[in-house]
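# Examination of the molecular architecture
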Amino acid sequence: EDKVVQSPLSLVVHEGDTVTLNCSYEVTNFRSLLWYKQEKKAPTFLFMLTSSGIEKKSGRLSSILDKKELFSILNITATQTGDSAVYLCAVNYGGSQGNLIFGKGTKLSVKP
Amino acid sequence: GAVVSQHPSWVICKSGTSVKIECRSLDFQATTMFWYRQFPKQSLMLMATSNEGSKATYEQGVEKDKFLINHASLTLSTLTVTSAHPEDSSFYICSAEEVDTQYFGPGTRLTVL
């Protein structure tokens, strides 16, 4: 059965800390892995990863994929209270065009 | 780029009425759009895949006669919740695919009284 597992489920840190969010997966016909940030409304796109070992960066956020070990990490450095959100990992698999299977998310709370 | 809008943002309706939710890709064409629902503190659950010009593909357990999907153009898909009941109250989110990435609309919160 295809699945995406995120850890931890919940995380509380203080401003300035660095956090690492984990996403492991088991899917057939892997196409890509995506990270989203969800605050009060719908998810906003962060990264799409298709190749192992190539780090994607956007400001204080970065992510990398390991297709051999079937996982990805999302790093956030120098966290700010605005980083508080649920971070969703999703894998695009080949069942139907563009279908995503989502993890349950990691709820990050950044305290001042 | 890759902006997806949804309308309305929230709706309250009486039990037994039908509600239509629109999803539009504003700056790109999307042959495929997706409809999700999300319950509080849970992840997104795919309801159906909407294909322009053809019938939607529904996930197992989703009633296609209750959740009517129409994808009449490359920029518009609609979800109609027919004969809504309180258990249909949820957060409905659409997404549109561009270059292997799904971009989400802001979501519609439906409350059925």
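All values derive from a computational prediction rather than experimental measurement. (Residues numbered from 1 in each chain as written. Chains lettered and ligands numbered in written order. Predicted model: local features only at pLDDT ≥ 70, side-chain atom pairs only at ≥ 80, totals over all residues. Heavy atoms only, no water.)

All names here are of chain A. Spatially, 5 strands are ordered S1-S3-S8-S7-S6 in an open sheet, and the strand pairing comes out antiparallel. Two strands lie at the open edges of the sheet, namely strand S1 (3–7) and strand S6 (56–58), each paired on one side alone. Averaged over all pairs of adjacent strands, the angle between strand axes in this sheet comes to 15°, irrespective of strand direction. Looking at chain direction, strand S3 (residues 19–26) and strand S8 (residues 71–76) are connected through 6 bridges and run antiparallel. Within S8, the position partnered with Asn 22 by the bridge is Ile 73. (Pairing = 2+ DSSP bridges. Helix = DSSP H or I, 4+ residues; strand = E, 2+ residues; numbered from the N terminus. Axes fitted to C-alpha atoms, helices over the stretch in contact; angles between N-to-C directions.)

Looking now at the sheet that holds strand S1 (residues 4–7) of chain B. All names here are of chain B. Overall, antiparallel pairing links the 4 strands, which are arranged S1-S3-S8-S7 in an open sheet. Each of the sheet's edge strands pairs with one partner strand only, and the pair in question is S1 and strand S7 (67–73). In this sheet, adjacent strand axes meet at a mean angle of 15° when their direction is disregarded. Here S1 pairs with strand S3 (residues 19–25) via 4 bridges, running antiparallel.

Across all of its chains, the model carries 2 disulfides over all chains by this definition. Between the sulfur of Cys 23 of chain A and that of Cys 89 of chain A lies a disulfide, 1.9 Å long from S to S. For the disulfide bridge between Cys 23 of chain A and Cys 89 of chain A, the dihedral angle about the S-S bond is near -65°, and by the sign convention the bridge is left-handed. Placement of the pair is Cys 23 of chain A in strand S3 and Cys 89 of chain A in strand S9 (residues 85–93), with a sequence separation of 66 residues. Each member of the pair, Cys 23 of chain A as well as Cys 89 of chain A, is classed as buried. A sulfur-sulfur distance of 2.0 Å marks the disulfide that ties Cys 23 of chain B to Cys 94 of chain B. Torsion about the S-S bond of the Cys 23 of chain B and Cys 94 of chain B cystine: about 80°, corresponding to right-handed handedness. One end of the pair, Cys 23 of chain B, is in strand S3; the other, Cys 94 of chain B, is in strand S9 (residues 90–98), with 71 residues separating them in the sequence. Both residues of the pair, Cys 23 of chain B and Cys 94 of chain B, count as buried. (Disulfide = S-S within 2.5 Å. Buried < 20%, exposed > 50% of the residue type's maximum accessible area, 1.4 Å probe, protein only.)

On to the pattern of salt bridges. Under the criterion given, the structure shown has 4 salt bridges over all chains. A salt bridge links Lys 37 of chain A to Glu 39 of chain A, with the nearest nitrogen and oxygen atoms 4.0 Å apart. Of the residues examined, Lys 37 of chain A reaches a relative accessible area of 14% and is grouped as buried. We note a salt bridge from Arg 24 of chain B to Glu 22 of chain B, for which the minimum N-O separation is 3.4 Å. Take Glu 22 of chain B: its relative accessible area is 24%, and that puts it in the partly exposed class. (Salt bridge = Lys/Arg side-chain N within 4 Å of Asp/Glu carboxyl O.)

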